[in-house]
Structures are given as structure tokens and as C-alpha cells.
Amino acid sequence: MRNNAEEIVLNGLGVSHGIAMGPAYLVQIEHPQAPHYALAAGQAEAEKARLDHAVIQAQREILVLKEKSADLPIEAAEEIILLLEAHLAMLSGSRLIRGAQEKILRDNINAESAVAREVDIIAGQFSQLKDPYIAARSEDVRNVGYRLVRILMNVPYLSLNDVPPGGIVLALEITPAETALLDPRRFAGIATVHGGVTGHTAVVARSMGLPAVLGIDQASLESLHHGALAIVDGIGGKLVLNPSLATKRLYEQKLQDLRQDKTALNKLTQMPAVTTDGAEIVLRANLEMPRELENLQASGADGIGLFRTEFMFMNRDTVPSEEEQFEAIVEVVRAMKGAPVTFRTLDIGGDKMIRSLGAHLSAAANPALGLRAIRLSLKEPHLLETQFRAILRAGYFGPVRILLPMVTVATEVEHARRILKKCHAELKKEKASLADTLPPLGTMIEIPAAALSADSLAAVSDFFALGTNDLIQYTVAIDRGNDQVASLFNPLNPAVLRLMEFSIQAGLRAGIPVSICGEMAADPKYTALLVGLGIREMSLGFASLPRIKQRIRVLSLARSEEHARYVLDQYDPDRIIQIVHTFRP
Ligand code: PEP
Ligand code: MG
């Protein structure tokens, strides 16, 4: 670790508007690399004692974890405790420990290296069996090995929850399940090595209004001194470590400007999102977790345009029951006090993996193209039926809409609608309290096949929601969460724009509402283009909502339509970027 105060500026992707300054903590998600060296003569016994000491400390750590796990829901606790007990068994007299001790004494090498080598041998032998159960055990051996190496190297273990309030979280990656557990009020900002602009971490960071920079260089992070001052510049896409006095002053000024900007934006909350020539745009919110509801009211959102139901399935080992889902859903419906809530059915797979459904999904070589979202729901209709029943019951307490993710063809919507009607009829028979009419059933347009069949989809859907995050990913074949190709993830690719135009027009011709709920809706650079393309409803993270409203209020519909026509006449992506980025209303 480096302790000097030399300023380091790391460039990344600014994915969440805002600036944060605070002490930085590298959350230990990456495993430290074991060093290798030969021992000086006569040192082997002392080195073995060092290993024995680390083993005792590892056992202590695991016992503490066992104690903490008791607070988890019972099923999760049982599972974790079994796992921790297996790890404890590996730390007492096992082949791993005996092998490492022997290596120190026989080969005269350091303890970290002895552990790492023994782990490789054992895990290598396991992997030859090609059995998924054994493969999982080899992961356990590796995890125990990582723990020992970390203790031997004196690297502190920091989990997300150990970062002190106001701190900046630096991590290799934050998975969707980890973000679901993360309490945004505790952190000032985040910076990670992996992740793209519309990847899950970015979406969540934006929805929480947490400044974030992704795709930063890992090597520089490793030299971080814990607690060193860091600045996350989510606007400029920079992480500054150990800022100089001048840099610090510059950012303090920027923070001050942002605060003023925020005060001005807050004044817009009660004002309508209307263009200078009178076109009204409905602004709704995207929600990931019910806890975001607290801030939603203040944002001026007209209901929820996309509620991602995945959170209910995360960080647990079993699928939630109808009752559990109903409880979570009805809380949202009630909180919205009559404003509509659009629940999207389970959208699992790709970047959103879920342990409770792992058996179905994790074996796929290419999960983004695998059994996911509506395909999974239709293959295992009990999943869809449980969600539909919970949403239908919640619909008694306020207006709800249902949105189907990853649709490719109209028959999927027809199939889902049949199931919805069946659930409705069954609930009626059971004398459940229900709304008078069935909720509108909408289709996500987020796969090129859906965009190209938008006319047939419009005939069977009550509304469209354009999911540009996936539409871009699947059109230009760029993984939305991969930092290595993030610069090629271009919402303004002419093919993407044509697919959008085609589907918007198909929806409008059929007279159904067409909204956009992808991240494009949250970037004011694209607002004129979207309005010009015919979008009259947008759904976005509530933190971005005032800024988009501010933009709409200075646009004219006529100029926006002209702008959209001009953009769609272009074929050169760079030219389109230049036109869109320099557009002045
Ligand atoms: C999208 O793909 O644009 C979308 C809104 O859905 P998600 O980001 O949840 O995949
Ligand atoms: Mg999507």
C-alpha cells in the first residue's frame, strides 16, 4: 500500500450524476495475489507456526460469521451455517492444511505460496471430475485458501457494511444482489473496476442518486491507502485519489454549484413537464427497491413506469411465496396513493442472476441469450402465476399495470394474457378482492425482434415500454455491463434509432401508450430526440427526473421533431453524436 499523498487521477465512466468527496475504502471483493519466496535457512518451522496462527485466526473469523448469520431469515441462515461449517472443517487437520504445512517444511517456501499451491492442486483434482457438485466444493477450497492468504498478508477484510458513513466505496465490482443490500444513505459515492453505463450497478447508483464512476483501472486501486481522501466525479467520469489542494478547492466549488443547481431543480417539482409549445410529457419513475419510495414523492413523478420485481427474489435461497410478493407489492401500490404502478414480471438472467432460481440459469454458457425473463416465466408458469396473482390482488388497492420483459414475438404476450385471465378467474372464484377490470398488459420493446414485430405486438399489447438498455445491447452486440466495450455502447447508433422509430410509430398507430424506460430517458442530451420521435411518456430513476423536466420545459415540440427527422436521415454515428450533443432548443 502506498502512503504518500501524490494525486492520482483515474478516468472511468461517469454513470451517475454528482460529485462525492470522502475517505476511500477498497472493499475486499478481489482476492489478494499470494507472493512467492524461498525461506532463509532455518526459517521453515517459524513459517509453519505463522501458518498455524493464520489458521486459528481464520477459524475465529468464520465463527464470528456464523454468529452473525443467525440474524438472517431462517432458510438463508441454515444454508450459510452449513457452508461455514464446511469451511471450518477444512481448517482443521484437512488435506489443505497438512499439504500446506508439508510444502513449507519440505520445499522451504513461504506460507502464502504453500497455501495457494495446495489449493491449486486440490481444486485441479476436483475439476477433473466435471461434476457441478464437486466443482462447487472446489470453490469452497479456494475460498478457504483466499481467506488464509489474506490473513497471512495482513490485508484487512472490508465488506460493504464496514465502510464508515460518508465513505467512498471502491470495489472490483458490485453485483446486483450486493446492491440490493447496500444502504445508499451510508455512502457518499462508489467507484468500481467493472461495469458499463447501463449495467446494473450503474442503474442502481443512478436510482439512488449516488455519484458513481465505473471502469476504472484496477492496478491503481491496489496502491490505495485505506481512508485516503478520494473524489468521485460522476459527471466528468473521474476518480481522484489524494487530491492536491488546488483539485480539492476546484471540486468544493463544483459541489457548491451542484447544490445550487439542485435547489433550482427542486423548485420544478410541482410544475408540469410541458414543452414551450404545449406538449405534455408524462414523467414516471423507475424503481428497483421499495426503500426508494421515500424519495419518490419529492421527485414529482407521476406514478411508477417500471418496477423491477427482481429484488424480491434476491439474497434468498427460495422463491418468494404469493403472500410475500403480495405484501411487497401492495406496500408500493398503497404508497403511490392512486398513481399507477407498472410491475414488470421477473426479468432474470444476463446481468441479473438470482440464487433462488440458480438451478435453472447458472449452467447457461451465455445467460444473456438463455432461458430468461418471459421465456423462463412461460416455461415455468407457476412463477408467472404467482406474480400475476400477487399483482392482481394488489390492484384492488390502487391502479396497477403489468409489463412483460424480453418479449420477442406476439404469441408470448397472448400466452401470458391467457394465464393472466386464468389467474383472475381463479381469484374471483376464491372471492378475493379485485379491481373491476383487468390491469393493462404491456410489452417491453428491448429485443430487435420485438422492435421489428412492433406492429403485431401492438395488436396484442395495451402499452409499450422501450427498454433501450437491452435494445442497444442486442442490436449492436455490446454487453451493456462490460467496461471493456463500454465506449462502443452507443444509444445513437443509426440501427438502434431506426428500431426505436419503427416501434414508436407502430404503437402510436395502434393507439396504445408508448413510453421509454431505458437509461436514455434519464439523459437530457437525448430528451429532444425522444420527444421528436413521438415519446410522450418517460420512466426514469427519480434522481434524474427534475433535470429531464427542466430540459422538457425549454424544448419546443416542433423543433424536436425537426431535430429527430434530421438525426434519422444520418448514417454516420459520429455525425449523429455531434448533432445530438450540440443540439440547442
Ligand atoms: C432496459 O433494458 O432498457 C430496461 C429498462 O430493463 P433493464 O434495465 O431492467 O434490463
Ligand atoms: Mg431490459
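Residues numbered from 1 in each chain as written. Chains lettered and ligands numbered in written order. Predicted model: local features only at pLDDT ≥ 70, side-chain atom pairs only at ≥ 80, totals over all residues. Heavy atoms only, no water.

Undergrad: I'd like a description of the site of ligand 1, backed by residues and values.
TA: Residues in close proximity to ligand 1 total 14 residues, the closest being R308, R344, G467, N469 and R480. Here R308 contributes a side-chain N or O atom positioned 2.7 Å from an oxygen atom of ligand 1. Here G467 contributes a backbone N or O atom positioned 3.4 Å from an oxygen atom of ligand 1. In this structure the site holding ligand 1 corresponds to the largest cavity. Broken down by element, the shell around ligand 1 gets its largest block of residues, three residues, from helix 18 (residues 468–476). (Near = heavy atom within 4 Å. Polar contact = N/O pair within 3.5 Å; in protein donor to acceptor, adjacent residues only side chain to side chain. 1 Å grid on protein atoms, 1.4 Å probe; cavity = no way out; pocket = protein on both sides within 12 Å on 5 of 7 lines; lining within 4 Å. Sits in = over half its atoms within 2 Å of the grid points. Helix = DSSP H or I, 4+ residues; strand = E, 2+ residues; numbered from the N terminus.)

Undergrad: Hey, could you go over empty space enclosed by the protein for me, with residue numbers and the actual values?
TA: Tallying each qualifying case throughout the model produces five cavities of 30 Å³ or more. Size it by volume and the largest cavity reaches roughly 70 Å³. Residue assignment for the lining of the largest cavity shows that the elements contributing at least two residues are strand 10 (304–308) and helix 18. Of the residues contributing to the lining of the largest cavity, the split by class is three nonpolar, three polar and seven charged. (Points joined across faces, edges and corners; volume = space filled by probe spheres on them. Nonpolar A, V, L, I, M, F, W, Y, C, P; charged D, E, K, R; others polar.)

Undergrad: Could you give an account of the coordination of the magnesium ion (ligand 2), with specific residues and numbers?
TA: Around the magnesium ion (ligand 2), the protein supplies E446 (OE) and D470 (OD) as donor atoms, at distances of 2.0 to 2.1 Å. Placement of the pair is E446 in the loop between strand 13 (441–445) and helix 16 (448–452) and D470 in helix 18, with a sequence separation of 24 residues. (Donors = N, O, S within 2.8 Å, 3.2 Å for Na, K, Ca; no water.)

Undergrad: Go over the sheet that holds strand 3 (residues 19–26) with me, naming the residues and quoting the values.
TA: Strand order in the open sheet formed by eight strands is 1-8-7-3-4-5-6-2, and the pairing between neighbours is mixed. The two strands at the open ends of the sheet, each matched to only one other strand, are strand 1 (8–11) and strand 2 (13–16). Averaged over all pairs of adjacent strands, the angle between strand axes in this sheet comes to 30°, irrespective of strand direction. Strands strand 3, strand 7 (229–233) and strand 8 (238–241) of the sheet are contacted by helix 9 (residues 245–266), whose axis makes an angle of about 125° with strand 3. (Pairing = 2+ DSSP bridges. Axes fitted to C-alpha atoms, helices over the stretch in contact; angles between N-to-C directions. Contact = heavy atoms within 4.5 Å.)

Undergrad: How would you explain the domain arrangement of the protein chain if you had to name every residue and give the values?
TA: How big an interface is tends to be stated in terms of accessible area lost as the parts join. Each assigned domain of the protein chain is listed with its residue range as follows: domain 1 (8–26 + 160–263), domain 2 (44–152) and domain 3 (273–581). Inter-centroid distance (C-alpha atoms) of domain 1 to domain 3 is 27 Å. (Domains from an automatic or database assignment.)

Undergrad: Please give an account of helix 3 (residues 95–107) that cites residues and values.
TA: Here helix 3 spans 17 Å end to end across 13 residues, near enough to the 18 Å set by a 1.5 Å rise per residue. Taken together, the buried positions of helix 3 are occupied by L96, I97, G99, A100, Q101, K103 and I104. Once helix 3 finishes, N108 follows within two positions and takes phi at roughly 60°, a positive value. (Expected span 1.5 Å × (residues − 1). Buried < 20%, exposed > 50% of the residue type's maximum accessible area, 1.4 Å probe, protein only.)

Undergrad: Break down the sheet that holds strand 12 (residues 400–404) for me, citing the residues and quoting the values.
TA: Strands sit in the order 9-10-11-12-13-14-15-16 around a closed barrel of eight strands; the barrel is parallel. Going from strand to strand, the sheet's axes swing by 30° on average, the running direction of each strand aside. Bridge count between strand 9 (residues 282–287) and strand 10: three bridges; the pairing is parallel. When the bridges of strand 10 are listed, A285 appears paired with I304.

Undergrad: Outline the packing of helix 14 (residues 381–394) against helix 15 (residues 410–429), listing residues and values.
TA: Contact geometry for helix 14 and helix 15: axes closest at 9 Å, N-to-C directions at 55°. By the angle between their directions, the pair helix 14 and helix 15 is classed as oblique. Considering how the two elements wind past one another, helix 14 and helix 15 form a crossing that is right-handed. Mapping the contact onto sequence places P381, L384, E385, F388, R389, L392 and R393 in helix 14 and A416, I419, L420, K422, C423, H424, E426 and L427 in helix 15. (Parallel < 35°, antiparallel > 145°, perpendicular 65-115°, else oblique. Left-handed = near helix turned anticlockwise from the far one by under 90°.)

Undergrad: Let's hear about the pattern of salt bridges: which residues, and what values?
TA: The tally for this structure, following the rule as stated, stands at 27 salt bridges. The shortest N-O distance in the salt bridge between D347 and R344 comes to 3.2 Å. You'll find D347 and R344 in the same group, each marked buried. In the salt-bridge network here, residues are joined through shared partners; they are E322, E323, R389, R393 and E430. (Salt bridge = Lys/Arg side-chain N within 4 Å of Asp/Glu carboxyl O.)

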